Amino acid sequence: MTPAIPLVLLGLVDAAFSGFRAYAGSDARIRRQRATARAALRGLAVGALLLLAPTLTAALLLLTARDPARTYNTLTAGGIGYLLPLTVYASAVLLSLAAYLTLPFRAGTLAMVIGLGPLTLLRPLAVTAACLGAALNGGGPALLVGATAGAAVLCVEPAVHRHWYHRVR
């Protein structure tokens with residue numbers, strides 16, 4: 001099993017949420033579906049562009065490798081190591097998001113405050129854990145691709161915010 005497809009999908013979903021967070025800022029009480037959807041699409045577009053960096057890094061590693069099959073296996077093992085911590089993190093985010101969307105207003109707000117808020121702050125730690133998983137499972141080449149992917153997903157929200165929403169407070 002190659003972890004590339006789940007990792008790309010996870011990265012793109014994270015990019016869409018990053019676009020939303022860049023738009024919503026610190027006050028998301030007013031719900032504007034069009035603006036929210038536009039922000040998510042902007043995050044998705046920026047994320048797709050930035051995720052080309054780890055894709056090109058992996059392709060370059062494979063094209064220049066002395067033993068492409070071994071490098072592929074190393075990258076696959078590293079990708080699985082990268083995916084495991086992110087799966088745990090994404091599950092916690094989805095659980096918190098489901099609580100926010102399905103519970104009554106006060107309970108949903110509580111789910112946002114004690115769940116989604118802190119989980120957003122933990123994103124860099126989740127990416128660091130994923131990079132550690134890639135390093136332990138696959139070694140140097142996997143860590144290089146993982147660190148490039150981590151930097152890409154962590155740059156989406158600041159890039160979207162700086163380009164479109166720098167005046168939103």
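Colleague: Residues and numbers for the environment of V8, please.
Modeller: Residue position: V8 is located in helix α1 (residues 4-24). Residues V8 and T55, spaced 47 residues apart in sequence, show a C-alpha to C-alpha distance of 9.3 Å.

Colleague: Break down the confidence of the model for the protein for me, with residues and values.
Modeller: The predicted model of the protein has a mean per-residue pLDDT of 90, with 95% of residues at 70 or higher. At the low end of the mean pLDDT range in the protein sits helix α5 (residues 105-121), at 85; at the high end sits helix α3 (residues 52-64), at 97.

Colleague: Describe in detail the pattern of salt bridges, supporting the description with residues and values.
Modeller: Scanning all chains against the criterion turns up three salt bridges. The residue R123 makes a salt bridge to D14 at a minimum N-O spacing of 2.6 Å. Of the two residues, R123 is situated in helix α6 (residues 123-138) and D14 in helix α1; the sequence distance between them amounts to 109 residues. In this pair, the class of R123 matches that of D14, namely buried. One network of salt bridges, with partners in common, ties together D14, R21, R123 and E157.

Colleague: Which residues make up α3, and what are the values?
Modeller: In a regular helix each residue adds 1.5 Å, so 13 residues correspond to 18 Å; α3 covers 18 Å between its end C-alpha atoms and thus fits that length. Among all positions of α3, only P54, T57 and A58 are buried. Angularly, the buried residues of α3 cover 95° about the axis, an arc narrow enough to put them on a single face. Exposed side chains of α3 directed beyond 90 degrees from the buried face belong to L56, L60, L63 and T64. The inward-facing, buried residues of α3 contact α2 (33-50), α4 (68-102) and α7 (140-164).

Colleague: Outline the packing of α1 against α2, supporting the account with residue identities and numerical values.
Modeller: The contact between α1 and α2 brings their axes to 7 Å, and the two run at 130°. For the element pair α1 / α2, the angle class is oblique. Considering how the two elements wind past one another, α1 and α2 form a crossing that is right-handed. Contacts from L12, A15, A16, G19, F20 and Y23 of α1 reach α2 at A35, T36, A39, A40, G43, L44, G47 and A48. For the contact of α1 with α2, the per-class residue count stands at ten nonpolar, four polar and no charged.

Colleague: Tell me about α1, residues and numbers included.
Modeller: Here α1 spans 30 Å end to end across 21 residues, near enough to the 30 Å set by a 1.5 Å rise per residue. Listed as buried for α1 are G11, D14, A15, A16, S18, G19, R21, A22, Y23 and A24.

Procedures and definitions
Residues numbered from 1 in each chain as written. Predicted model: local features only at pLDDT ≥ 70, side-chain atom pairs only at ≥ 80, totals over all residues. Heavy atoms only, no water. Helix = DSSP H or I, 4+ residues; strand = E, 2+ residues; numbered from the N terminus. pLDDT = per-residue confidence, 0-100. Salt bridge = Lys/Arg side-chain N within 4 Å of Asp/Glu carboxyl O. Buried < 20%, exposed > 50% of the residue type's maximum accessible area, 1.4 Å probe, protein only. Expected span 1.5 Å × (residues − 1). Arc of directions from axis to C-beta. Contact = heavy atoms within 4.5 Å. Axes fitted to C-alpha atoms, helices over the stretch in contact; angles between N-to-C directions. Parallel < 35°, antiparallel > 145°, perpendicular 65-115°, else oblique. Left-handed = near helix turned anticlockwise from the far one by under 90°. Nonpolar A, V, L, I, M, F, W, Y, C, P; charged D, E, K, R; others polar.

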